[in-house]
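Chain and residue survey
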Amino acid sequence: MLVIPAVDLRGGKCVRLYQGSPDQEMVFSEDPVEVAAVWRDKGAQFLHVVDLDGAFVGNPQNTDIVERIIAEVQIPVQVGGGIRSVEAAQRILDLGAARVILGTVAITEPSVIEECVGRFGDKVVVGIDVRRGKVAVEGWGTTVEKTAADLAREVKSLGVGRVVFTDTRRDGTLRGPNLEALRQLAEASGLRLILAGGVATVEDIRRAKQLEPLGLEAVILGRALYDGSITLAEALAAAADPGR
């Protein structure tokens, strides 16, 4: 199971939001490229980069920084935030991204997902973001009457093989991940899964690792790494421990 540090971009800085709210922002660095390099140097094998400005406006806004991060770290980087067209996905992949994460269009325009999968294959990941059991879109500002399992089955029928699952009410809170919801999603969909939101301790990672047989591939760490609740070395060790 991979541990993937998150680098969230807003206004050119590395930030974290509490439950995705733009009004509750913590700035951790003025230099996201340097932050990404630190995680690489500490052993990260993959990075998760989110263009929050892009998520809020519906089109990538920090592509220059994304490009610099990819060039600097020389490890695979998955990128999300405002990617709502085939053209936007192509631009990000052309920068060297290993994967693109699409979210809102899975609800508003699923044909975009289908076309992206047809063109880019396994490089396409769908972000399934949930608030109180319903899927959240448009920078988590809106929910729709659809569950994570509903959406997962729909995107699987379009050829998607991997999703990032986030419980938005856990994100940035250090309250622990919603593993029961993740388990239900895994059992309902059969998709490969990446967990985000709320992971704060070594025990959280060990508990998540128990879901590997159901398809959990990776855990994304954000605020917990930035405020020192857990070190990347501790997280990597827990994820690699075959006894849990």
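Our subject is the structure that appears above.
The paragraphs below set out a description of the structure included in this document. (Residues numbered from 1 in each chain as written. Predicted model: local features only at pLDDT ≥ 70, side-chain atom pairs only at ≥ 80, totals over all residues. Heavy atoms only, no water.)

A word on helix 1 (residues 32-41). Those residues of helix 1 that fall on the buried side of the exposure criterion are Pro32, Val33, Val35, Ala36, Ala37 and Trp39. One side-chain oxygen at the N-terminal end of helix 1 lies 3.2 Å from the backbone nitrogen of Val33; it belongs to Asp31. A positive backbone phi angle near 115 degrees is found at Gly43, which sits one or two residues after helix 1. (Buried < 20%, exposed > 50% of the residue type's maximum accessible area, 1.4 Å probe, protein only. Helix = DSSP H or I, 4+ residues; strand = E, 2+ residues; numbered from the N terminus. Polar contact = N/O pair within 3.5 Å; in protein donor to acceptor, adjacent residues only side chain to side chain.)

In this structure, Val7 and Ile69 are the most contacted members of the largest nonpolar core, which totals 71 residues. Those residues within four positions of Ile69 in sequence are excluded, and the remaining contacts are Val7, Leu9, Pro32, Val33, Ala36, Leu47 and Val49. Ranked by size, the runner-up nonpolar core spans 10 residues in total, among them Val125, Ile194, Ala196 and Ala218. (Core = buried A, V, L, I, M, F, W, Y, C linked by side-chain atoms within 4.5 Å. Contact = heavy atoms within 4.5 Å.)

As a packed pair, helix 7 (residues 148-157) and helix 8 (residues 179-189) sit with axes 9 Å apart at the nearest point and diverge in direction by 35 degrees. Along this stretch, helix 7 crosses helix 8, giving a crossing that reads as right-handed. Every residue of helix 8 that contacts helix 7 at Ala148, Ala149, Ala152, Arg153 and Lys156 is listed here: Leu185, Ala188 and Ser189. Here the residues of the contact of helix 7 with helix 8 sort into 5 nonpolar, 1 polar and 2 charged. (Axes fitted to C-alpha atoms, helices over the stretch in contact; angles between N-to-C directions. Left-handed = near helix turned anticlockwise from the far one by under 90°. Nonpolar A, V, L, I, M, F, W, Y, C, P; charged D, E, K, R; others polar.)

Read these as geometric descriptors, not functional statements.
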